[in-house]
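# Notes for the structure review
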Amino acid sequence: MVHHPISACKRLPNLAHIFLIGFYEEREFALYVSSISNELKVPVRYLKEDKPHGSAGGLYYFRNIIMEDNPSHIFLLNCDVCCSFPLTEMLEAHKRYGGMGTVLVIKVSAESANQFGELVADTITNELLHYTEKPETFVSDLINCGVYIFTRDIFTAIQEVSTHREGQANIRHLSSFETLQSPTSRALPVDFIRLDQDILSPFAGKKQLYTYETMDFWEQIKTPGMSLKCSGLYLAQFRFTSPHLLAAGDGTKSATIVGDVYVHPSAKVHPTAKIGPNVSISANVRVGAGVRLISCIILDDVEVQENAVVINSIVGWKSSVGKWSRVQADGDYNAKLGITILGEAVTVEDEVVVINSIVLPNKTLNLSVQEEIIL
């Protein structure tokens, strides 16, 4: 999930630095940050928040580190987003607009729009005129994609919001009766600033913010199932952007490949296996004779033994799927058990069937399961 937006940043001219801002412990990202920095030849650094600061507050909290390279523009990308990340085109549009910020937007169906931040933009100038987060009534079929570009003025804007909130807090402190009447008004700390409600909404219609509409795919990855769907979208994109990454084979000297499939160079796939569509096979995976893989992500060091079948599933690192076993699901990306997930180091023994289930790490399954969560 993190790799795709980072790769998109790499395509930007004069890229100075990439920062990952999060709440995970630094050790969890240390290896990844080191390897991706070496791979892309660009400095990548993980910054851990001391507490939640909000999407804009986190940016402001690390402003001194971010501004060390004296950047002219700052991109802000949410990592739970799957899209083509047209950053170069956004940058060009942003320079034309001459505003403080530009938001990536996309048109969706009116029925699904209220699940996201809806916005109204000027059809000629593309200025952001109105923004509302997950409204109860329909406002617009244009939604916020969670990808932004700003000038350094964004820090001044965040500071203004923080100062205003501090002033409001002081006023409320004097008026304890009002505070008692409206407990929600004192819920947010001064340094917790949300990009959508606290920046986009108040600055809309002030010739400060603009929109750039993408015509490509866009999804939000809120469930494990959606990551499988998004893997398919990225594989389809590879046809146009990185066709050399897609596998090919007709079953003679290498496995039969159907549709879009990625196979890591270190993986060993038997020529009698049939793979695809929408399959991603990671490093050091071993796929045995007669195996069938459809719509799945096979992570590092997994072994799929002879004649096993994996459909609509994510198989975790170091797991093993036994001979003649089936690991499968219906493929409903939004349902809780719509795809089957095997956690790290799960062993599915020979001739075991696992359907629409989630199996936590380090479990051995010697009996078939259906629609279960194995703790």
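Quantities reported herein were computed from a predicted structural model and do not represent experimental measurements. Residue positions are counted from 1 within each chain, in the order its sequence is given. Reporting in this predicted model follows two pLDDT cut-offs: at least 70 for local features of residues, and 80 or more for side-chain atom pairs to be given and counted; totals over whole chains, interfaces and linings ignore these cut-offs and use all residues. Each side-chain value is derived from all of the structure's non-hydrogen atoms; neither hydrogens nor water enter the calculation.

### Some remarks on the domain arrangement of the chain
To keep it simple, the criterion reads: Segmentation of the chain into domains, including their bounds, is taken from an automatic or database domain assignment. The contact criterion used is simple: two residues touch if any of their non-hydrogen atoms lie within 4.5 Å. Here the buried area means the combined drop in accessible surface, using a 1.4 Å probe, for two parts upon being joined, counting both sides. For this document, the term salt bridge refers to a Lys or Arg side-chain nitrogen within 4 Å of an Asp or Glu carboxyl oxygen. Here a polar contact is recorded for every N or O atom pair within 3.5 Å, except that within protein the pair must consist of a potential hydrogen donor and a potential acceptor, and residues adjacent in sequence are included only if both atoms are side-chain atoms. A helix here means a DSSP run of H or I that spans at least four residues, while a strand means a run of E at least two residues long, and both kinds are numbered starting from the N terminus.
One can read the domain layout of the chain as domain 1 (2-220) and domain 2 (224-370). The C-alpha-based centres of domain 1 and domain 2 are spaced at 35 Å. On the domain 2 side, the residues contacting the nine residues of domain 1 number seven residues. For the domain 1 face of the interface with domain 2, the top three residues by lost area are H4, F217 and E219, together amounting to 63%. Taken together, the links from domain 1 to domain 2 amount to one salt bridge. Among the ionic pairs, K229 bridges to E219, the shortest N-O distance being 2.9 Å. Our count for the contact surface shared by domain 1 and domain 2 stands at two residue pairs in polar contact (both at pLDDT 80 or more). Secondary-structure elements contributing two or more residues to the side of domain 1 that touches domain 2 are β4 (81-83) and β10 (218-220).

### Quick look at the sheet that holds strand β23 (residues 347-348)
What counts here: Strands were regarded as paired on the criterion that DSSP finds at least two bridges between them.
Taken together, six strands build an open sheet; the order of strands is β13-β16-β18-β20-β23-β26 and the sheet is parallel. In the strand order of this sheet, the two ends are held by β13 (268-269) and β26 (364-365), each with one partner. Of the pairings in the sheet, the one linking strand β16 (residues 286-287) to strand β18 (residues 303-304) comprises two bridges and is parallel in character. What sits directly across from R286, in β18, is E303.

### Digging into unusual backbone geometry
This is how it is decided: Relative accessible area decides the class of each residue, using a 1.4 Å probe on protein chains only: under 20% of the type maximum gives buried, over 50% gives exposed, and in between gives partly exposed.
Residue P277 is reached from G276 by a cis peptide bond, and omega for that bond is 0°. Along the chain, P277 turns up in the loop between β14 (274-275) and β15 (279-281). A positive phi is found at E371, a non-glycine position, where the angle reads about 50°. Examined against the element boundaries, E371 turns out to sit in the loop between β27 (369-370) and β28 (373-374). Relative accessible area serves as the criterion here: at 53%, E371 is assigned to the exposed category.

### A closer look at a nonpolar patch on the surface
Formally: The patches described consist of residues with a relative accessible area above 30% and no salt bridge, like charges being joined within 9 Å and nonpolar side chains (Val, Leu, Ile, Met, Phe, Trp, Tyr) within 5 Å. Where accessible areas are quoted, they stem from the Shrake-Rupley method and a 1.4 Å probe; at the residue level, only the protein chains shown are allowed to cover.
A surface patch of nonpolar side chains, amounting to about 280 Å² of accessible area, comprises L360, I373 and L375. Considering the arrangement of structural elements, one finds L375 in the segment after β28. The exposure class of L375 is exposed, given its relative accessible area of 71%.

### A look at the UniProt feature "domain: Mannose-1-phosphate guanyltransferase C-terminal" (unreviewed entry) in the chain
What counts, and what does not: UniProt positions are given in the numbering used here, feature names are shortened, and annotations may be inferred rather than shown by experiment.
Under the present numbering, the feature "domain: Mannose-1-phosphate guanyltransferase C-terminal" (unreviewed entry) in UniProt falls on residues 257-374. Counting secondary structure, residues 257-374 comes out at 0% helix and 42% strand; the distance between its end C-alpha atoms is 32 Å.

### Re helix α9 (residues 224-241)
Keep this limit in mind: The span one expects for a helix is its residue count, reduced by one, times 1.5 Å.
Its 18 residues give α9 an end-to-end C-alpha distance of 25 Å, which sits within 8% of 26 Å, the value for a rise of 1.5 Å per residue. Among the residues of α9, G225, M226, L228, C230, S231, G232, Y234, L235, Q237 and F238 are the ones counted as buried.

### Topic: the nonpolar core
Condition: In these notes, a set of buried Ala, Val, Leu, Ile, Met, Phe, Trp, Tyr and Cys residues joined through side-chain atoms within 4.5 Å is what counts as a nonpolar core.
F85, L87 and V147 are the most contacted members of the largest nonpolar core, which totals 37 residues. Both of domain 1 (2-220) and domain 2 (224-370) provide at least three residues apiece to this core. Ranked by size, the runner-up nonpolar core spans 32 residues in total, among them Y60, I65, L76 and A157.

### Here's the deal with the pattern of salt bridges
Taken as a whole, this structure holds nine salt bridges when the rule is applied. A salt bridge links K51 to D191; the nearest nitrogen and oxygen atoms lie 3.1 Å apart. Of the two residues, K51 is situated in the loop between β2 (44-48) and α3 (55-61) and D191 in the loop between α7 (176-181) and α8 (195-203); the sequence distance between them amounts to 140 residues. For the salt bridge of E127 with K207, the shortest nitrogen-to-oxygen distance reads 3.8 Å. Residue E127 is located in the loop between β6 (117-121) and β7 (128-133), and its partner K207 is located in the loop between α8 and β9 (209-213); the two are separated by 80 residues in the primary sequence. The exposure class assigned to E127 is buried, which follows from its relative accessible area of 5%. Overall, K207 belongs to the exposed group, its relative accessible area being 60%.

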